[in-house]
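# A look at the structure
Okay, here's what each chain looks like letter by letter:
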Amino acid sequence: MGDLRFDGRVVVITGAGAGLGRAYALLFASRGAKVVVNDLGGGRHGDGKSSAAADSVVQEIKSKGGIAVADYNSVTEGDKIIETALANFGRVDVVVNNAGILRDKSFARISDTDWNLIHDVHLKGAFKTTQAAWPHFQKQNYGRVIMTSSNSGLYGNFGQANYSAAKMGLVGLANTLAIEGRKKNIHCNVIVPTAASRLTEDILPPDFFAELRPELIAPVVVWLCHEKCQDSGAIIESAAGWAAKCELVRGVGSPLRLRLSDVVSPEDVQNYWERVTDMSQAIALGSIQEATGTLMGTLEQMRENATSSTPVEESVYVVTSKDSILYALGVGASLTDSANLKYLYENHEEFSALPSYACIPSQMAIMTSDISSQNLIPGRSFDLSQVLHGEQYVELFKPMPTSGALVSKVTVADVLDKGKGAVVLYDVDTYDESGDKVSYTQLAGFIVGAGGFGGKRDSPKAIPTVDHPRRNPDFTARQTIDPNQAALYRLSGDLNPLHIDPSFASVSGFPRPILHGLCSLGYSLRLVLKTYGDNNPAYCKAFKARFVKPVFPGETLKVDMWREGNRIHFETSVMESKNTVIAGAYMDLTRQCPVVSRHLTAATQLKSQEVFAGMQERINADVEKAKSVKGVFLWNITKGGKVEGQWTLDLKKGSVYKGEPEAGTKADTTLTIDDADMVDMALGKLNPQSAFMKGKLKIKGNIMLTQKLKTLISAEAKL
């Protein structure tokens, strides 16, 4: 890679008699540029005038074999500076607007003179000098412009209201010039330097001042002006041999109304203010068109809401990263398992929302719906306090976002007469800010005491539950519910006092507050996704569940799972009471799950399956320790010499599952053993080394890895 040269280029640098300008001039000249060294020769407050500063730099350049001329004009007469370039060199290729002065005073004490002088030198001076060069840039189809802003301009600084306003004005000027110059190969960028100069010599601490050598910033400016640099409209901060790009960013924001006909009150703004000001998912926008794109999409959605003839009720639910994290905590995600970090930390590279979070926007939409209950059930009316959550279905069309406004449209799909009660099927379609459908939800609400009106019992629109296979579970996961879980989960939106108020629970017939059904479902789905979905929310296509009985905080959930292709059936029960609480449930995955051969179905009768269930429990107790083995083991379990079951122990992921290793995973070690011998080995009745020597345990692959399995195999396997 050769040196970056400026041979044949003419560079104009304002304020080049000292500090940054001098460093720029010397470096440009050393790279072959012809340099116009402009400097009025005044003090840092804009007083005085002298040719000595510019002459000194010109002489220094010439002494090193470079080419330069001096210019002593004020930048407010920038056309004269450009004339100097044209008269001496016949062209101009680069303008570095570097000249500056200070008139620091507190805002209340700034005079018109203080204000005007600062703006004349910094903002107007850059405007006049660049404007004079502009037609030459256009004619030759080439030009490079540098504007000099400052940290005071980007962030503000006490006593510099005039200076910071001018410096931020230069950013706006540069943004527009970058746009207007694009077709003519004219680039305009902003440098935000912190350097030792006559402007900062008695402001910065001496030791810090000594490290801020202008020579460390000059290479950044020179690169920005080279023909190979394609950046335009960039804001580059640089100091002490360091540089970084700065950008203006905007948060996701929040709609304040649903339809164009709706008014916005100060109270509406107050209600949405936390989401309006949330910057956790802020993005940089590159143009006015991009900035207005989201707004136009929001307005279009408001217009559609106003003109739609479909009998729907709509609501807006705004998601922030905090909401997503709070929901994950609400359904038991904990840092005791490192796999949960991506649900709990907004800066994680894979920060995601759990698929079951899609239940919340649709539930909130139904709870706030104005759909009349008077006309749903003939002769009966009801309110949501009479509605029990019977069943839940969600189909995801894209992963649930961690931020942004979601619009949910609620319709009543059907009303069923179940005798003692009625069932209302609510359909909810949820869309993101771009208009893409995120999810479809069907919630079956059981209306206590509202049946017997002579309606139909079933509906083709109802999405049915599906019974699990009639065999022992392929996998079982357990997790104890924290006593405070209902108090935490309700912060995601369901504030029903049944879940926290003991007196309200007592009136409702419960000995104490119960857990939300959707919380129990969230626990179950999270465990299923981890077991069979590689803990990847993008793999979840849909899920369905029927709520059977309540769960009390402090109880332990047991989730039994059965794998059938891409569908994972599951049933959730409470270990203490043995009650089934979620039934007919399944999760459909988008990927092809490992297929278990049909001849292995007899494995449901194998006693050793409890050994593998025990392995998973011990892995869950210390996942990181298990993963340290870094091995994948395939177990072939035989009966009468014939393989009747297979299990994979994947200690790279910390999981145990029935069948061969998943696609893309290769077993490091394959072990073959009789079902009865596996049980004896787990109970300590059969020594593994003895079993191997006698041929009862056959091992292929990495034999040494098997020595690390003793604590997982033996122990209290519940047989």
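Shown above is the structure to which this text applies.
Residues numbered from 1 in each chain as written. Predicted model: local features only at pLDDT ≥ 70, side-chain atom pairs only at ≥ 80, totals over all residues. Heavy atoms only, no water.

## Some details on empty space enclosed by the protein
What counts is decided by this rule: Grid points spaced at 1 Å and placed over the protein atoms alone form the basis of the search, with a cavity being a set where a 1.4 Å probe fits but cannot get out and a pocket an open set showing protein on both sides within 12 Å along at least five of seven lines. Lining residues have an atom within 4 Å of a point. Grid points are joined across faces, edges and corners, and a volume is the space filled by probe spheres set on the points. Numbering of helices and strands starts at the N terminus; helices are DSSP runs of H or I of at least 4 residues and strands are runs of E of at least 2. Amino acids are sorted into nonpolar (Ala, Val, Leu, Ile, Met, Phe, Trp, Tyr, Cys and Pro), charged (Asp, Glu, Lys and Arg) and polar (every other residue, Gly among them).
With the rule as written, the count across this model stands at four cavities of 30 Å³ or more. Along the walls of the second largest cavity sit Thr14, Val75, Asn97, Asn98, Ala99, Val121, His122, Gly125, Ala126, Thr148, Lys167 and Leu170, which together make up its complete lining. Looking at the lining of the second largest cavity, the elements with two or more residues in it are helix 4 (112–140) and helix 6 (161–180). Residues of the lining of the second largest cavity, tallied by class, amount to five nonpolar, six polar and one charged.

## Some thoughts on the pairing of strand 19 (residues 567–574)
As a reminder of what qualifies: For every residue, the accessible area obtained with a 1.4 Å probe (protein chains only) is divided by the maximum for its type, and the residue is called buried under 20%, exposed over 50%, and partly exposed between those limits. Two strands form a pair only when DSSP identifies at least two bridges running between them.
Of all eight residues that make up strand 19, six are buried, and the element is covered over most of its length. Bridge count between strand 18 (residues 556–564) and strand 19: eight bridges; the pairing is antiparallel. Bridge pairing in strand 19 places Val559 opposite Thr572. Following strand 18, the chain reverses through two residues before pairing antiparallel with strand 19; Gly565 in that reversal takes a positive phi of roughly 65°. Pairing geometry for strand 19 and strand 20 (residues 580–589), over six bridges, is antiparallel.

## Focus on the packing of helix 4 against helix 6
Just so we agree on the cut-off: To get an axis, a line is fitted to the C-alpha atoms, and for a helix only the part in contact is used. The angle between two axes follows their N-to-C directions and goes from 0 to 180 degrees. Any angle that falls under 35 degrees is termed roughly parallel, while one over 145 is termed roughly antiparallel, one within 65 to 115 roughly perpendicular, and all others oblique. Should the near helix be turned anticlockwise from the far one by less than a right angle, the crossing is left-handed, and should it be turned clockwise, the crossing is right-handed. Contacts are assigned to residue pairs that have any heavy atoms within 4.5 Å of one another.
Between helix 4 and helix 6, the shortest axis-to-axis distance is 8 Å and the interhelical angle comes to 15°. Accordingly, the angle class assigned to the pair helix 4 and helix 6 is roughly parallel. Read as a crossing pair, helix 4 and helix 6 show a hand that is right-handed. Contact residues: helix 4 offers Asp114, Trp115, Ile118, His119, His122, Leu123, Ala126, Phe127, Thr130 and Trp134, while helix 6 offers Ala161, Asn162, Tyr163, Ala165, Ala166, Lys167, Gly169, Leu170, Leu173, Leu177 and Glu180. Partitioned by chemical class, the residues of the contact of helix 4 with helix 6 number 13 nonpolar, five polar and three charged.

## Considerations on the sheet that holds strand 13 (residues 404–417)
Pairing between sheet strands relies on hydrogen bonds along the backbone, with the strands arranged either parallel or antiparallel. The strand order 11-13-14-15-12-17-20-19-18-16 describes an open sheet built from ten strands, whose pairing is antiparallel. Pairing within the sheet leaves two strands with one partner each, and these edge strands are strand 11 (313–319) and strand 16 (475–480). When the angles between neighbouring strand axes are averaged without regard to direction, this sheet yields 20°. Bridging between strand 13 and strand 14 (residues 421–431) involves ten bridges; their strand directions are antiparallel. Bridge pairing in strand 14 places Val407 opposite Tyr431.

## Focus on helix 11 (residues 321–330)
For helix 11, a buried count of seven out of ten residues is recorded, marking the element as mostly surrounded by other parts of the structure. Of the residues making up helix 11, those classed as buried are Ser321, Asp323, Ser324, Ile325, Tyr327, Ala328 and Gly330. Looking at the buried residues of helix 11, the elements they touch are helix 9 (266–276), strand 11, helix 12 (341–344), helix 13 (359–367), helix 14 (485–489) and helix 16 (517–532). A positive phi of about 90° marks Gly332, the residue just after helix 11.

## Here we look at the sheet that holds strand 24 (residues 669–674)
Taken in spatial order, the five strands line up as 23-22-21-24-25 in an open sheet, and their pairing is mixed. Sheet topology places strand 23 (655–658) and strand 25 (697–701) at the edges, where each strand pairs with a single neighbour. Ignoring which end each strand starts from, the neighbouring axes of this sheet average 20° apart. By the bridge criterion, eight bridges tie strand 21 (residues 632–639) to strand 22 (residues 642–650) in an arrangement that is antiparallel. Across the sheet, residue Val632 finds its bridge partner in strand 22, namely Asp650.

## Details of unusual backbone geometry
The phi angle at Asp534 is positive, at roughly 55°, despite the residue not being glycine. Inspection of the secondary structure assignment puts Asp534 in the loop between helix 16 and strand 17 (540–547). Of note, the phi angle at Asn535 is positive, near 55°, even though the residue is not glycine. As for its placement among the helices and strands, Asn535 is situated in the loop between helix 16 and strand 17.

## Some points on the layout of surface pockets
Counted as a void, the largest pocket has a volume near 1,200 Å³. Lining the largest pocket are 48 residues, with Val387, Leu388, His389, Gly390 and Phe547 positioned closest to its centre. Of all the secondary-structure elements, those providing two or more residues to the lining of the largest pocket are helix 13, strand 12 (387–396), strand 14, strand 15 (437–448), helix 16, strand 17 and strand 20. Grouping the amino acids of the lining of the largest pocket by side-chain chemistry returns 27 nonpolar, 13 polar and eight charged. Of the voids in this model, the second largest pocket is the one considered here, and its volume is about 820 Å³. Looking at the second largest pocket, it is lined by 35 residues, and the ones nearest its centre are Asp337, Ala339, Lys530, Asn620 and Val623. When residues of the lining of the second largest pocket are traced back to their parent elements, those giving at least two are helix 12, strand 16, helix 16, helix 17 (609–621), helix 18 (623–627) and strand 23. Of the residues belonging to the lining of the second largest pocket, the class tally is eight nonpolar, 13 polar and 14 charged.

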